[in-house]
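Topology and contacts: notes
Below are the chains, spelled out letter by letter.
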Amino acid sequence: GNTLREAGQFQRAEEFFLKGLNLVKGKRKHWEASAQEGLGLLYRNMGLTEKAILSFNSALDIYKELRAETSIRATTALLE
């Protein structure tokens, strides 16, 4: 998803992020947070601010649950 996002192929990137998210949701918390963060970056690039904020907040909640301090700081910075 990230490579497609960087290449400006936003629709395909969203498909990959959502597919990955559906595979790990509720099973692999770190990867779930990573997918949400990727979606946040994608939506930010697309100018979809509200969707980006929702995705970043979802990632942040999971990172807090996992006590992943570096990811918490990075995601908080993205939200700012």
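See the structure above.
Here the structure is a predicted model, which means the values were calculated and not measured.

Quick notes on the overall build of the protein chain
Regarding its fold elements, the protein chain presents five helices and zero strands. Of the regular secondary structure in the protein chain, the N- to C-terminal order runs α-α-α-α-α. Relative to its length of 80 residues, the protein chain is compact, with a C-alpha radius of gyration of 12 Å against a globular reference of 12 Å. Its C-alpha atoms put the protein chain at 35 × 30 × 20 Å along the principal axes.

Concerning helix H4 (residues 49–66)
Look at H4: 26 Å from first C-alpha to last across 18 residues, which is about the 26 Å you get at 1.5 Å a residue. In this structure, the buried side of H4 is in contact with helix H3 (29–46) and helix H5 (69–79). After H4 finishes, the residue Arg67 shows a positive phi value of roughly 60°.

Quick word on the packing of H3 against H4
Between H3 and H4, the shortest axis-to-axis distance is 7 Å and the interhelical angle comes to 155°. Considering their axes alone, H3 and H4 lie roughly antiparallel with respect to each other. Judged by the sense of rotation from one axis to the other, the crossing of H3 with H4 is left-handed. Contact residues: H3 offers Lys29, His30, Glu32, Ala33, Ser34, Gln36, Glu37, Leu39, Gly40, Leu41, Tyr43 and Arg44, while H4 offers Lys51, Ala52, Ser55, Phe56, Ser58, Ala59, Ile62, Tyr63, Glu65 and Leu66. For the contact of H3 with H4, a count of residues per class yields 10 nonpolar, six polar and six charged.

Thresholds applied
Residues numbered from 1 in each chain as written. Predicted model: local features only at pLDDT ≥ 70, side-chain atom pairs only at ≥ 80, totals over all residues. Heavy atoms only, no water. Helix = DSSP H or I, 4+ residues; strand = E, 2+ residues; numbered from the N terminus. Rg over C-alpha atoms; globule rule 2.2 N^0.38 Å. Expected span 1.5 Å × (residues − 1). Contact = heavy atoms within 4.5 Å. Axes fitted to C-alpha atoms, helices over the stretch in contact; angles between N-to-C directions. Parallel < 35°, antiparallel > 145°, perpendicular 65-115°, else oblique. Left-handed = near helix turned anticlockwise from the far one by under 90°. Nonpolar A, V, L, I, M, F, W, Y, C, P; charged D, E, K, R; others polar.

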